[in-house]
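Chain by chain, the residues run as shown.
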Amino acid sequence: MPTIADKRAGETKESAVESKKIKHKKNILKYLYFEKKKSIAELSEALFISIPTLTSHVEELLEEKWLIGEEVDTKKQGRNPTIYSLDPRYKHVLVVDVTTHDTRAVLLNFRNEIIEEQIFELGVTNDQGFRSQILEIINDCLYRFSERNVEVVAVGLTFPGLINKQTGQNRTYVGLNSENTTLSEVISSQWNVPVYVLNDSKATVFGESVFGVGKDEQHVLSINVDWGVGLAVVINGQIFNGASGFAGELGHVQVNPEGELCSCGKIGCLDTVASASSLLNKVKKGLSNGVVSSLSKYRDKPEEITLEKVIDAAANGDGFSIDTLYNIGLELGKGLSVAVHLFNPQIIVIDGVLSKAGNLIVNPVEFAINRYCLPDFKEGLMIKVTELGDTAKILGMNAFVAKRLFKNE
């Protein structure tokens, strides 16, 4: 008759076997997310799992609707091999991207295909009630998907601002937090799904390093030049967070002690001289001072001047617009030269609204880096404009969710 100790030993052994199986299955899912399609033999070789064991795990993942298999015609005699990939039909991620001007809710599968998206006219603020508004949007989306039997296995949230990687609290937009629970904890508790929060620039750089112009490099900088300036860093293929998750706040490094007041309360931050906001401010100030420009027709209605109009004017040869963009690029390049010396990247990717200026912004950035960086740091360094646009952030958040969801603790 088995003793209590025998029973406990048996339970411990079963628990260890089950734990090992879960780790194996997560490894399979993570590998296929990044490698797309593989055969049993290829998976076995890559993951160091025996073919019989791997076959058993794959069969379970097929039943659980995580994987799909398809035969590949090799034009050879005998049975064609089956190639396995993540099934795009059943498991989904809801990515909610909150910016200073709107909120975008995107439903994706694990093949990074966007199933549907919706844009809401709600930008992040510290106003009382914003947390409730963003929660309402997320809850409405998840309720709508559940009504249609669309399985959402995780939620990813991207926000601007300083986000603590341990707690998920936003230290810039503190209205998103409460005394007892974070926004992610509320959503996770209500819908019983894991929720992951990431700074918008970090989501962008991860998207660029996995799917964009930086996908073949291990050391990537992404400068998100939007209404502020956000820097994010990938080192050895991993997002660089720093101790609390705040690494990369280049926009709030002082570049002019005698400069303008920044939104953060300090004087002369890079944000004040190299962001889209500073560009429009310089254009409006120049027009009010009587400069000659094709934009002069907006002198008495400066509120109608947009970034796109400035870029179009520059592209069509307007000297004032070209000079203003060039000066913005020089300031940006000066700031980036500090980051180049700190992180020694292989590529700098220019993201955000100012990326629409293309070479009009890249050329002065390159000039400044050539001027202010030591020669050895410039060797092999590429500076490119994003090819993914706003999608880099969404795909980066999806990849971050996949990496965390399939992580072996």
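Residues numbered from 1 in each chain as written. Predicted model: local features only at pLDDT ≥ 70, side-chain atom pairs only at ≥ 80, totals over all residues. Heavy atoms only, no water.

(A) Quick peek at the overall build of the chain. Within the chain, the regular secondary structure consists of 13 helices and 13 strands. Burial statistics for the chain: of 409 residues in total, 47% are counted as buried. Accessible surface, the chain as shown: approximately 20600 Å² in total, 49% of it carbon and sulfur. Looking at the chain, you have 44 positive and 52 negative side-chain charges, and the mean spots of the two groups are 4 Å apart. (Helix = DSSP H or I, 4+ residues; strand = E, 2+ residues; numbered from the N terminus. Buried < 20%, exposed > 50% of the residue type's maximum accessible area, 1.4 Å probe, protein only. Areas by Shrake-Rupley, 256 points an atom, 1.4 Å probe, with all protein chains shown as cover. Lys, Arg positive; Asp, Glu negative; His and termini not counted. Charge placed at Lys NZ, Arg CZ, Asp CG, Glu CD.)

(B) Looking closely at the layout of surface pockets. Estimates place the volume of the second largest pocket at around 520 Å³. Along its surface, the second largest pocket is lined by 24 residues, and K165, V197, L198, F400 and R404 are the ones closest to its centre. If you list the elements that add at least two residues to the lining of the second largest pocket, you get α5 (183–191), β8 (195–199), α6 (200–210), β11 (238–239) and α13 (391–405). Broken down by element, the lining of the second largest pocket gets its largest block of residues, 5 residues, from β8. (1 Å grid on protein atoms, 1.4 Å probe; cavity = no way out; pocket = protein on both sides within 12 Å on 5 of 7 lines; lining within 4 Å. Points joined across faces, edges and corners; volume = space filled by probe spheres on them.)

(C) Here's a closer look at the environment of S296. Assignment of secondary structure puts S296 in the loop between α8 (276–288) and α9 (307–315). On the basis of relative accessible area, S296 is assigned to the partly exposed category, the value being 21%. If near-sequence neighbours (up to four positions away) are discounted, S296 is found in contact with L287 and V291. Only 3.5 Å separates the side chain of S296 from the backbone oxygen of V291, close enough to count as a polar contact. (Contact = heavy atoms within 4.5 Å. Polar contact = N/O pair within 3.5 Å; in protein donor to acceptor, adjacent residues only side chain to side chain.)

(D) Region of interest: the packing of helix α2 (residues 40–47) against helix α3 (residues 51–63). It is the contact of α2 with α3, at a shortest axis distance of 10 Å, that shows an interaxial angle of 115°. The angle between the axes of α2 and α3 places the two elements in the roughly perpendicular class. Note on packing geometry: the crossing formed by α2 with α3 is right-handed. Only I51, L54, T55 and V58 of α3 make contact with α2, whose side of the interface consists of I40, L43 and S44. Class assignment for the residues of the contact of α2 with α3 results in 5 nonpolar, 2 polar and no charged. (Axes fitted to C-alpha atoms, helices over the stretch in contact; angles between N-to-C directions. Parallel < 35°, antiparallel > 145°, perpendicular 65-115°, else oblique. Left-handed = near helix turned anticlockwise from the far one by under 90°. Nonpolar A, V, L, I, M, F, W, Y, C, P; charged D, E, K, R; others polar.)

(E) Representation of the state of the cysteines. Applying the stated criterion to the full structure yields 0 disulfides. The structure places no disulfide on C262, whose sulfur is separated from the nearest cysteine sulfur, that of C264, by 3.8 Å. C264 takes part in no disulfide bond, and the closest cysteine sulfur to it belongs to C269, at a distance of 3.7 Å. Taking relative accessible area as the criterion, C264 reaches 38% and is therefore assigned partly exposed. (Disulfide = S-S within 2.5 Å.)

(F) Representation of the sheet that holds strand β3 (residues 82–86) within the structure. If you walk across this open sheet you meet the 3 strands as β1-β3-β2, and the pairing is antiparallel. Edge positions in the sheet fall to β1 (38–39) and β2 (67–71), since each of these pairs with one other strand and no more. With 2 bridges joining them, β1 and β3 adopt antiparallel strand pairing. Residue pairing across strands places K38 opposite Y84, the latter belonging to β3. Contacting β2 and β3, α3 runs over the sheet at an angle of about 110° to β2. (Pairing = 2+ DSSP bridges.)

(G) Region of interest: the nonpolar core. Counting 44 residues, the largest nonpolar core has W66, L67, F110, M397 and L405 as its most contacted members. Here this core takes 8 residues from α13, the largest share from any one element. Those residues within four positions of L405 in sequence are excluded, and the remaining contacts are K26, W66, F110, V153, A154, P194 and Y196. Ranked by size, the runner-up nonpolar core spans 42 residues in total, among them V233, L325, I328 and V365. (Core = buried A, V, L, I, M, F, W, Y, C linked by side-chain atoms within 4.5 Å.)

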